[in-house]
Structures are given as structure tokens and as C-alpha cells.
Amino acid sequence: MNAPHSPALRVVIVGGGFTGAALAWQLARMRLPLRLTVVEPRAELGRGLAYSATDPAHRINVPAHRMSLDPENRTDFAEWLAENPDVLDARARAGNGDIFPQRALFGRYVAERLAPHLRSGALRHVRARVSDIQRDGEDSLLLMLSDDSRIHADLLVLATGHPAPALPRVLSAIADAPGLIADPNDAARLAQVPAEARVLILGAALSAADVVTTLERQGHRGPITCLSRHGLRSRGHGPVGQDSDADFTDPPIRSASELLRRVRHAIVDDQARGQGWHATFYRLREQGPAIWQALGDDGRRRLLRHLRAWWDVHRYRLPPQTEAVVERLTASGRLRYLAGHLLAAEEAAAGELRIDWRPRGGASALSQSFDRVIVTTGPAQDRCIGANPALGALERLGLIAPCPLGLGLAVTDACVALSAQGRPAEQVLVAGPLARGHVGELVGAPECAAHARAVARRIARHALLTPILRSPGQPAPAAHPS
């Protein structure tokens, strides 16, 4: 007698930005016995915050030939561009021949790759947000959505990407001031910045550079100051060359100081071969997860404390078009990069914002007035749970906990969520930047695509095993697949 039909595994991905889309694409191609749903409020999957950008001045900061939805074919985006030559704008090609398209174009490419799976029904997109989550029996969850619908999940994947920025506490006194722009992605507020406004940008990395290019495109003529703790700004791309053959995994690196020493030696070696430091950092990016794993908890903390700012400005580089704007404004004196610490802020007469800050290494505080203060200090990864109703609900259920390094959520080696007591919640997986604290280098599209592939393979093993577990008369395995 045949066993009754076993229902397909219900997999729900929360978040349809690049990581969620990459995971859904991987799973849809596998033709697994599962019901696959992505909960994402945006109209198209794959765009997320980064690739929903509408400003034509905002470009991908990695050459097109290194960007792909498919980690096994890293030139897939470049091939899509070759098939659609009319989509590139006149400034997309840099002087060295590399292509840096507008960010929205990469979002379009991802959406088109997913479209066949949506049409076939292998993938379902629900345009909503998760407002609450409850247990649904012993091994599944019930998601309440913002459109008043409900979805049952045997396996829930958190792919919500980077959490929203958080306002620095020192700015709480001006939180409601008209001159404060707390979200650098608020295009409407940026469009209202007066042409002659004195602008303070808090932060000096890629988001700050995006704001600078937006203001420049809008015809802004006033002075711009970028203030950050170290005063470092993102570097640009070097000349086209071969990748470095440096190895940072054999022998494994056990401390932040050892990593710094070996990186310096590798840069010297690469320069002797006619390469720039950029080649070394491409190699670091490739081997990032293995380096992070070898460091251990103490080494990771020390790296974050002492080297993170230097890593960020060399790793997350400016597209050449953006770099040219930054260089031109800096040379003219309109754009300054300063190092220091915020001390206080208040709203003064006529809507001015008075900012007190202390220069790095200086004893005396300075006070300056600005017409606009724009916050680009990055996602609040250490506060991701409180800012997201879905994550807050899972924490109340005892299924997730914050990463002890302040980088998203605590997870196992297989990216299963961990509770505050360190117990794995087998029905909750974490994909993408929220798993960064354990995985390491997990921010750019190439890394997120590779991570999505790994999570998809775990889900595939789970999906193929589930019918066996649910069929009567079959012995259950001793543990879940790893």
C-alpha cells in the first residue's frame, strides 16, 4: 500500500532584496518539493534598498563583470548587459573600460531573471510586510502580514538585509528639526536642500559619497563637510589587472595584528608584480569568510575595534564616476573631510543647526552652524531586532537573539538562528547581512549570492528529507541535515 501524499515543505523568505531574490532564484531552479513564498512589499523582487535607487548618479561600486545573481557564473550580469546594449547610459563605461551601470539597472536584471519562476508558479511574491509571528504547532510558524493575510511556514528564512539607520543619540535634541535628514535615501528631502545650504554629512563612506553626488547633480553650490571618527573616505578603483594570488588562509590567521602584517606584505608583493593594493583586497574579499572563521571571537572583536574603518574605505570603493565628483569638489575646497567626535547638537535661530564636536586628537571643542545635517552613519546592525516587527516577534518567541559582536543575529555554522540561550531554532534560517557576525564578509552582491547558494543547498536537503520524515512507517533520522 502506498504512503499518503506528503505536503510540500512550506518555505517563506522574509525580504525580497538581493539576498532574498538570489535565494528564491536558487530554490526555484532546483524543482524541489516545496511551496516557496517571498514576502516583500516592493513591486519587484531583487531590488531592495540599494537597487531601487532612482538617482541616475548612483551606480554599482563593483565592475559589472564581477556582479551576478549566479555565483557559478560571475559574468552573468555582464552577459545580460551585452544582450541589452541600449540600457546603458553614456557615462556607464569608465576610462579603464570597466562598466559601472546605474544601480537601478542591476535591480532590473535581477527582477528579469526571477520573472520566469514567478510566471510558472514555482515562486510566489506576496507584497506585504510581516507584522507579527506566532507559533503554529510544534514545528511551524504563522506569519501575520500587513495586508491582513496569514502565511504558514515550516521553514522561515530571514533575508531582510541591512537594518535601517539609527539616529546617533547625540542628535536626539534635533530629531524633529526640519534641517535634519536622518535617512540619506530620502530623495524627497534631499531634493529640498537649498542650493547655497551649508551641509554637514555625518559619515564619510559610500552613502556619504552618494549624497554628495546627488547634491551636485541637483545644482548645490554650498560648502559640504563630511565628519567621521577617523576622517577617512572611501577609495576608488585601480587599473584593470589580474587578481592577487596571495593566500590568507594557509596558515590560518589567528589575530588582527597578524592579518594586518600579512596584508601589508601581500600588497608589497602584488606591487612588485605590477599590481595595486586593489588586487590584494579582491583576494581578501574572496577569502573573507575563511579569514573570519580562523580569527575566533577575540580576533574578530579586535579587528572590528582597530581595523574596521580602514577595511571599509579600502574594501567598499567608489565607482569612478562618483570618485571624479568627490575629487573635483575636494580640490575646489567645497568638500571637506574631517575627523572628530560629535558632542552636542541644538536647533538655533532661523532653523540653523548648531553642532559641537571635538577634532580627533584635539583637546578643544569646536562649534559650527549648518543649514542641513544629513546622517549617513550606516545601518544599525546592533539594533536590528527592535526596528523590525518580524524580528521582534521571533525574539519574543525565543527563536532569535542578537549577534554578540553587534552584527545582526546569532547563528550556527549552518546559519540556523540561535536563541538567547544558544539553542538553535531549526525552523529559522538567516541569509545575507544579518548573518555577517558569524560568516564575516557578507555585504556585497557577490558574497550574498554565494551565501544564498549555501542556504539554498541546506533547504534542499531539508525539503528532500521532509517527505521521508512525514511518511508513516519510516524511521526518522537522528538529527536535521547540516
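Residues numbered from 1 in each chain as written. Predicted model: local features only at pLDDT ≥ 70, side-chain atom pairs only at ≥ 80, totals over all residues. Heavy atoms only, no water.

(A) Inspection of the overall build of the protein at higher detail. Along its length, the protein carries 13 helices and 16 strands. In terms of overall dimensions, the protein has C-alpha extents of about 80 × 55 × 50 Å along its principal axes. Looking at the 482 residues of the protein, the share that counts as buried comes to 50%. Long-range pairs, those at least 24 residues apart, make up 68% of the contacts in the protein between residues at least 6 apart in sequence. (Helix = DSSP H or I, 4+ residues; strand = E, 2+ residues; numbered from the N terminus. Buried < 20%, exposed > 50% of the residue type's maximum accessible area, 1.4 Å probe, protein only. Contact = heavy atoms within 4.5 Å.)

(B) Inspection of the sheet that holds strand 15 (residues 416-418) at higher detail. The six strands lie next to each other as 3-2-1-7-16-15, forming an open sheet whose pairing is mixed. Where the open sheet ends on each side, the last strands, each with one partner, are strand 3 (124-126) and strand 15. On average, each strand axis in the sheet is tilted by 35° relative to the strand beside it, whichever way the strands run. In the sheet, strand 7 (residues 155-158) pairs with strand 16 (residues 424-430) via three bridges, with the strands oriented parallel. Note that in strand 16 the partner of Leu158 across the bridge is Val430. (Pairing = 2+ DSSP bridges. Axes fitted to C-alpha atoms, helices over the stretch in contact; angles between N-to-C directions.)

(C) Up close: the packing of helix 1 (residues 18-30) against helix 3 (residues 103-120). Where helix 1 contacts helix 3, the two axes come as close as 10 Å, and the packing angle between them is 30°. Put simply, helix 1 runs roughly parallel to helix 3. The handedness of the crossing between helix 1 and helix 3 comes out as left-handed. Contacts between helix 1 and helix 3 pair Phe18, Ala21, Ala24, Trp25, Ala28 and Arg29 from the former with Phe106, Val110, Arg113, Leu114 and His117 from the latter. Considering only residue class, the contact of helix 1 with helix 3 consists of eight nonpolar, one polar and two charged. (Parallel < 35°, antiparallel > 145°, perpendicular 65-115°, else oblique. Left-handed = near helix turned anticlockwise from the far one by under 90°. Nonpolar A, V, L, I, M, F, W, Y, C, P; charged D, E, K, R; others polar.)

(D) Main features of the confidence of the model for the protein. When pLDDT is averaged along the protein, the result is 91; 95% of the residues meet or exceed 70. Note on residues 1-5: pLDDT is under 50 here. Beyond four places in sequence and across chains, it has three contacts. Low pLDDT, under 50, characterises residues 469-482; the predicted model gives this stretch 22 contacts beyond four residues in sequence or across chains. (pLDDT = per-residue confidence, 0-100.)

(E) Layout of helix 7 (residues 277-286). In terms of burial, helix 7 is a largely internal element, nine of the ten residues being buried. Taken residue by residue, helix 7 has Trp277, His278, Ala279, Thr280, Phe281, Tyr282, Arg283, Leu284 and Arg285 as its buried positions.

(F) Geometry of the packing of aromatic side chains. Taken as a whole and judged by the stated rule, the model has ten aromatic pairs. For the ring pair Phe77 and Trp80, a centre distance of 6.1 Å and an interplane angle of 20° mean the geometry is stacked. Separated by three residues within a single helix, Phe77 and Trp80 lie in helix 2 (residues 76-83), roughly one turn from each other. Judged on exposure class, the residue Phe77 and its partner Trp80 are both buried. (Phe/Tyr/Trp six-rings, centres within 6.5 Å; stacked < 30°, edge-to-face > 60°.)

(G) Molecular detail of the pattern of salt bridges. Under the criterion given, the structure shown has 28 salt bridges. Here Asp243 makes a salt bridge to Arg66, at a shortest N to O gap of 2.7 Å. Taken as a pair, Asp243 in the loop between strand 10 (224-228) and helix 6 (256-272) and Arg66 in the loop between strand 2 (34-39) and helix 2 lie far apart in primary sequence, 177 residues in all. According to the relative accessible area criterion, Asp243 is partly exposed, its value standing at 35%. (Salt bridge = Lys/Arg side-chain N within 4 Å of Asp/Glu carboxyl O.)

(H) Quick look at the nonpolar core. By size, the foremost hydrophobic cluster in this structure holds 80 residues, and its most contacted members are Phe18, Leu23, Phe106, Leu143, Leu158 and Ile459. Counting residues per element, this core draws most heavily on helix 13 (residues 445-470), which supplies nine residues. If we ignore the near neighbours within four places in the chain, the residues touching Phe18 are Gly46, Tyr51, Ser68, Leu69, Phe106, Val110, Ala445, Cys448 and Ala449. (Core = buried A, V, L, I, M, F, W, Y, C linked by side-chain atoms within 4.5 Å.)

(I) View of the sheet that holds strand 9 (residues 199-202). Pairing is mixed in the open sheet, where seven strands are placed in the order 8-14-9-10-11-12-13. The outermost strands of the open sheet, each flanked by one partner alone, are strand 8 (180-181) and strand 13 (366-370). Where strand 9 and strand 10 come together, four bridges link them in parallel fashion. Considered in strand 10, the bridge of Leu200 is made with Thr225. Sitting on the sheet, helix 5 (residues 206-217) is in contact with strand 9, strand 10, strand 11 (335-347) and strand 14 (372-375), with an inclination near 155° to strand 9.

(J) Inspection of the side chain of His438 at higher detail. On the secondary structure map, His438 appears in helix 12 (residues 436-439). Side-chain polar atoms of His438 contact the side chain of Asp413, separated by 2.6 Å. (Polar contact = N/O pair within 3.5 Å; in protein donor to acceptor, adjacent residues only side chain to side chain.)

(K) Expanded view of helix 8 (residues 288-306). Counted at 1.5 Å a residue, the expected span for helix 8 with its 19 residues is 27 Å, but the 17 Å between its end C-alpha atoms falls short. Along helix 8, the helix axis deviates most sharply at Gly296, where the bend reaches about 115°. Turning to helix 8, its buried residues number three or more, namely Gly288, Ile291, Trp292, Ala294, Leu295, Gly299, Arg300 and Leu303. At its buried positions, helix 8 is contacted by helix 6, helix 7, helix 9 (308-315) and helix 12. (Expected span 1.5 Å × (residues − 1). Bend = angle between axes of the 7 residues up to and from the residue.)

(L) Quick peek at the pairing of strand 1 (residues 9-14). With five of six residues buried, strand 1 is to be regarded as a mostly interior element. Across six bridges, the pairing between strand 1 and strand 2 is parallel. Across the sheet, Arg10 pairs through a bridge with Arg35, a residue of strand 2. Handedness of the crossover joining strand 1 and strand 2 through helix 1: right-handed. Bridge analysis of strand 1 against strand 7 gives four bridges, and the strand direction is parallel. In the strand pairing of strand 7, Val14 is matched with Leu158. (Right-handed = clockwise from strand over helix to strand, strands pointing away.)

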